[in-house]
Each structure stands twice: as C-alpha cells, then as structure tokens.
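One letter stands for each residue in the lines below.
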Amino acid sequence: MTARPLVAGLVLALLVLASLGLGAARIGPDAAAGEGWTALVLMESRLPRTLAVLLTGAALAVAGVVIQSLVRNRFVGPDTAGTGESAALGLLAVTLLAPGAPIWVKMVVASLSAMAGTALFLQIVRRLPVREVMLVPIAGLVLSGIIGAVVTWVAWQADLLQFVGTWLMSGEFSGVIAGRYELLWVAGAAAGLAWFAADRFAILSLGDEVATGLGLSTRGVMRLGMVVVSVVSAMVVTTVGMIPFVGLVVPNIVARIMGDNLRASIPVVAAGGAGLLLACDLLGRIVRHPYEIPVGTILGVVGSGIFLWLLYRPPAHG
Amino acid sequence: MIRITGVSHRIGSAAILHDIDLTLPRGKLIALIGPNGAGKSTLLRLVARLEPLQQGRIEVDGLDLAATPTERLALAMAVMGQQTHIASRLRVAELVGFGRWPHHRGRPGAADRAAVEAALEAFGLAPLRHRFLDEISGGQAQRAHLAMTFAQGTDWLLLDEPLNNLDMAHSRALMARLADLVRGSGRSVVTVVHEVNYAAAWADHVVAMKNGRVVAQGPAEAVLTEPVLSALYDTPVEVARHDDRPLVLHHHWHDQLGTPFPEAPDAARPTVH
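Within each chain, residue numbers correspond to sequence positions counted from 1 in written order. Chains carry letters from A onward and ligands carry numbers from 1 onward, assigned in written order. A pLDDT threshold of at least 70 governs which residues receive local features in this predicted model, and a stricter bar of 80 or more applies before side-chain atom pairs are shown or counted, although totals over entire chains, interfaces and linings include all residues. Heavy atoms throughout the structure, all of them, feed into the side-chain values; hydrogens and water do not.

Colleague: Can you walk me through the overall build of chain B in this structure?
Modeller: Helix and strand assignments come from DSSP, with helices taken as H or I runs of at least 4 residues and strands as E runs of at least 2, each series counted from the N terminus. For chain B, the helix and strand inventory stands at 10 helices and 12 strands. Atoms counted for the radius of gyration: C-alpha only. Globule rule: 2.2 Å times the number of residues to the power 0.38. Over its C-alpha atoms chain B spans a radius of gyration of 19 Å, differing by no more than 12% from the 19 Å that the globule rule assigns to 273 residues. Counting only C-alpha atoms and orienting by the principal axes, one finds that chain B spans roughly 60 × 40 × 35 Å. Per-residue burial for chain B yields a buried fraction of 50% across its 273 residues. Working rule for contacts: check all heavy atoms of both residues, and any pair within 4.5 Å makes them a contact. Considering only intrachain contacts with a sequence separation of at least 6, the fraction spanning at least 24 residues in chain B is 64%. Charge-centre separation for chain B: the mean point of 27 positive side chains lies 8 Å from the mean point of 29 negative side chains. Exposure classes here rest on a 1.4 Å probe applied to the protein chains alone. A residue is buried below 20% of its type maximum, exposed above 50%, and partly exposed in between. His is not counted, nor are the chain ends; Lys and Arg add positive charge and Asp and Glu add negative charge. For charged residues, the charge sits on one atom: NZ in Lys, CZ in Arg, CG in Asp, CD in Glu.

Colleague: Sorry, what's going on with the interface of chain B and chain A here?
Modeller: The parts lose accessible area when they come together, and the size of an interface is often stated as this lost area. With 34 residues of chain B in contact, the opposing surface of chain A contributes 27 residues. Contact between chain B and chain A buries roughly 2,400 Å² in total, counting both sides, with carbon and sulfur atoms accounting for 54%. What counts as buried area is the accessible surface, traced by a 1.4 Å probe, that two parts surrender upon association, with contributions from both included. Counting the surface chain B buries against chain A, the share from its top three residues, Arg89, Phe98 and Trp101 of chain B, is 27%. Whenever a carboxyl oxygen of Asp or Glu lies within 4 Å of a side-chain nitrogen of Lys or Arg, that contact is scored as a salt bridge. For the pair chain B and chain A, the interface holds one salt bridge. Note that Glu209 of chain A and Arg45 of chain B form a salt bridge whose closest N and O atoms lie 2.4 Å from each other. Any pair of N or O atoms that falls within 3.5 Å is considered a polar contact. Within protein, one atom must be able to donate a hydrogen and the other to accept it, and sequence-neighbouring residues count only if both atoms are side-chain atoms. Here chain B is connected to chain A by eight residue pairs in polar contact (both at pLDDT 80 or more). Among the elements of the structure, helix H2 (70–73), strand E6 (77–80), helix H3 (92–98), helix H4 (101–104) and helix H6 (138–151) of chain B are those that each provide at least two residues to the side of chain B that touches chain A. Element by element, the count of residues in the side of chain B that touches chain A is highest for H3 of chain B, at three residues. Residue type decides the class: Asp, Glu, Lys and Arg count as charged, Ala, Val, Leu, Ile, Met, Phe, Trp, Tyr, Cys and Pro as nonpolar, and the leftover types, Gly among them, as polar. Its residues assigned to classes, the side of chain B that touches chain A comprises 14 nonpolar, 11 polar and nine charged.

Colleague: How should I be thinking about unusual backbone geometry in this particular structure?
Modeller: Residues apart from glycine generally show negative phi values, whereas peptide bonds are mostly found in trans. Residues and elements named next belong to chain B. Even without being glycine, Glu161 reaches a positive phi, approximately 50°. Within the secondary structure layout, Glu161 lies in the loop between strand E7 (156–160) and helix H7 (168–185). The class of Glu161 is buried, set by a relative accessible area of 16%. The backbone of Asp243 sits at a positive phi, close to 50°, despite the residue not being glycine. Inspection of the secondary structure puts Asp243 in the loop between strand E11 (237–242) and strand E12 (245–250).

Colleague: Would you mind showing me how to read the environment of Phe150 of chain B here?
Modeller: All names here are of chain B. Relative to the elements of secondary structure, Phe150 occurs in helix H6. Under the relative-accessibility criterion, Phe150 is labelled buried at 8%. When the C-alpha positions of Phe150 and Ala115 are compared, they lie 8.6 Å apart, and in sequence the two are 35 residues distant.

Colleague: Can you help me understand the UniProt feature "transmembrane region" (unreviewed entry) in chain A in this one?
Modeller: Residue and element names in this part refer to chain A. UniProt positions are given in the numbering used here, feature names are shortened, and annotations may be inferred rather than shown by experiment. The UniProt record annotates "transmembrane region" (unreviewed entry) at residues 47–67, 79–97, 103–122, 134–156, 183–203, 224–250, 262–284 and 291–312. The span residues 103–122 is 100% helix and 0% strand, and its two end C-alpha atoms sit 28 Å from each other. Strand forms 0% of residues 183–203 and helix 90%; the C-alpha atoms that close the span are 30 Å apart.

Colleague: What is the right way to read a nonpolar patch on the surface from this model?
Modeller: Residue and element names in this part refer to chain A. A cluster of nonpolar side chains, Met134, Leu135, Ile138, Val142, Ile146, Val150, Leu308, Leu311 and Tyr312, forms an exposed patch at the surface whose accessible area comes to about 830 Å². At the level of elements, helix H5 (135–157) and helix H13 (295–312) are the ones that each hand at least two residues to the nonpolar patch. Residue position: Val142 is located in helix H5. Residue classification places Val142 among the partly exposed positions, given a relative accessible area of 45%. Every patch collects residues that have over 30% relative accessible area and no salt bridge, joining them within 9 Å if they carry like charges and within 5 Å if they are nonpolar side chains (Val, Leu, Ile, Met, Phe, Trp, Tyr). Using the Shrake-Rupley algorithm and a 1.4 Å probe, accessible areas are obtained, with residue cover drawn only from the displayed protein chains.

Right under this line is the structure:
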C-alpha cells in the first residue's frame, strides 16, 4: 500500500523526463546545462509543452470529478456536457463582436459562456428521471452536439471555420511554446480550488437530503462546481482544443481503487490525469517520429478502450 | 421544543397539510403515526427543512427555520430522509465521519474522531468500517447512514421511516438505541413509524395524523387506544397489553376478502421518492 504513491510518482517523473527529452530536435542530458541552443529548446518549447500537458491533464481530470459529483453520475465528463462547445461559442461571439478585446476579456467571456452551458446541462439533468442513469450522458452528448453545430454554423457564416477548428477539433500540444500556454495555470488554479472544497463536493454527492441535513448550502457548492468546470474547460479549449476522455475515465478509475472521499482522492485524480495525458502525448510524438499525432486522437483510442472496459466490468454490488 | 404554527402545505393542487399547530416536547421519543398519505413524512420533512416551508412557522429550540442559516440548524438537528441509497463509493467510516462535518467543517479533531468511533460501535459497524458502501447490504448501508446522523450529535434527531430496510432484530435494536439516546442522554427523537407497534413499544409521545391534520397527540398510552386507532386506520383494531405497554392487534377478516380498500383521500398525491 505505502509503495503505491512512490511508484506512481516515479512513473510520472519518468514521463516528464521523457517529455523533456523527446522531440524533433535532439537534445541529450549531457548538453542540458547552459548551452544556448539547448537551453532555448528546453525553456521555450519542451518545458512549456510538458507543463501544459500536465496542467491540462490534471485540471480536466479534477473537473471530471466535480461535474460527476454535481450530476451524481459517473458517465459524464467536462467534455461531454456541452461545456467546451459553450466556451467556443462565447469565444466566437467575442471574436465577432469585439475583435480587438484584450485576451483576458475573451477568456472571461469564454468562461461565462461555458458556465451558461454547464448551467443549462444541470437544468436538463434535474428534469431527467433519477433512475435512468444513461440518459444523463446522452443528454450531455446531445447538448454538446447542438451547441457545437451552432458554433460551426455561425463560424461558417462568418468565414471563421478554420479559426474555430482549432478549438473543436481534437486537441494537441505541438503548438505550445512559452507565452502561449500560460492560461492553463488558471485552469490548474481552478482545479486547486476544487480540492479546497473537496469535502463539500463529496457531501453534495451524498444527495440533497443528506447535504441539507449536514447544513451544506447546496446552491453555493453547485455554483462553485460550475465555476471550476467552466474555467477549466474554457482555458483548455481555447489554448489546446478539445481533449476527450481524461475527465471521464480518470475519476472512474480512481473511484474504483480508492473510493469517493474526495479530500484524499482529488490529488490522485490530478496526478492520474496528468500522467495519462502525458503518456498519450508522448505516444503521439513517438508513433510517427519526427511527425506527430494529436493527443486527442490518441486519447480517442486509448480512452474509449478504457471506458469500454469500465462499462463491461461486472458492476459492484448494490 | 419544536413549535409548529399554522403550517399548511400543497404539492401541486393537492393539499397535503392543513393549518397544523403542534408542539413537540424535548427529551422524548416521539412517533408520528397515521395511514398512508396522512402527511406525516411531509410534516417531518418540513421541520427538517428538506422541503421549503410554504406557509406557517416552525421553530426548533427557538431557532426560526426560515431565518436561521442551514449550517446553524445542522448543529441543532440531524436528519435522515427516505432517500437512503447513497451512490457515492465511500467507506463506512468515511460516511459516518461526514456526520461531524457541521462541527469541524474540514478539520476533524479528537472529539470528532471519538464521536465517529462511538457511532460505529453503537450500530455494530466497527467490523465493516473499511468496507465500501456498495459492497455491503442495503440494511447495513442504512445503519451506516443512521450512524452518520447519530455522530452529528445534535439535540434533535428527525427520522423518516428509519425501519424501512431493517429486519426484525435491527428494527428492535434501532428503537432501543433511540430510546436509550432519549433516556440516557436527554436527546429528543422524532420519527415517522409505519408499523404502529414500534410506536406502542418504544415511543413516549405519539402524534397521530390523518388527511393532513393532527387527530390526536399525547403520551403513548393516551393515543394508542382502540377508538383512536380504529378511526385513524379505518379498520377495527384491538389494543392489548404486553410488557406493560400497549400492543395493537388487528384482525385478518378472512371472511371479508371481497371488501374494497378504504377510500384513499390522497389518490392525487404524487409519490415521494
């Protein structure tokens, strides 16, 4: 038991080292210190990319835990609730209406729009029959599809299809260099906020009656959860595009192993999301080296495999 | 003391409670009894703030429900509704531990840990403490849920049909535990009881409800009588004595198999989930 965190930390450290070492340009550990060109590659490209992947993976996985506790359903993730598409819609709107707006305004608009989309999803879920567990993810997929279609249509009308393509297509990290990923720290901070409120989300998942009995203001926690999910989605979608499955499968795997005591499990979820995404990103860099396959595509294959395995495993008693 | 004044409640167009005035004394095991649809669960849920109060006023030990923050109320009363299935994958001890959350809000101390241990012991859950809720039986999970409300350590405990999934031995054990809590530590328990004999055997104070009104209330001996119960349940009953307490007997009327069910006054009422 005690060796597990150590092994997991070691695996993550090895992945980070591999990510720093691997790329079209060859840099070796012997050349790591000081050399101008090597340092440039490392500090401007490899390190930012590695950090971007780690932050994205961790934040998306934590956002997955949060949205799963908001809707009390394990089969949703931040990528299947219409949140990313809503962020793209907001960004598209601000691009059309106020093209000169500073970047922080665009990000706030994208986050608010993502929040509206998440709120809509929660409203729809509240109206679904409680026992129809599978309706929740289906509703999320339908909502994502509709909002995504609106984004595509508006972009097509405005001749901005290529522009929105970078958000709605499968995400990838090849374009990440220093100065073009820092918004992901905001996503990381939002995930940190979720850990801060971990007990509240855990109590919320116990059901409205229990949460009320324990004196939890369920509305406040719902709002906080929506902020976390929306900010994470907005930052990720606008920086690197849609990253599927991380927010769906990582919380499920962790819950199977260590349960839903979120105070203890959120750090593990974050590490798991970071590790999974980094492994997939590395795989995408290796398969056709020196060319790349987008991490979103790799995850589409790996993630759906894991998800099917989760679905077909015999359910736990009860 | 819980003071209920002028409380009425509707669900859609159906009137569930009519202008209820009721005072529940402290330090007693109080049973709410009555036929299906009498409004007893609704009344309990209103006191427990699980339903928004539509009309009237409810005070718990002087705290006005409408004006007191919910986290303050969580220190005055613990609640268990009928929604007892918990989908979270928590270990038994973790669930019971959340009962202390109103006190520590994230930083449990020694007193909190002691209260959790005591609650686990009281419900015979110590051997199951590391088991996940989805790996134990429904009755065991319900006991874990009850232990959580016990651990909350409030003066008032409000329970909506807590015997639902429990077998005979555990039902008896729970009622005995509630009685012990009242007599031993001076706490107050209000519970909706479906099977009237559990009220007869254990309750100090009984509130009988029918059609959204309180039809009788007082010491168990005074309420659990043949005329009151026969009228309450629309079926003739006999009240005997057993262990120096009332014991309610009803006849099976095998010769009257064709008689229709009593008229349901609440046919329009939606099912409470």
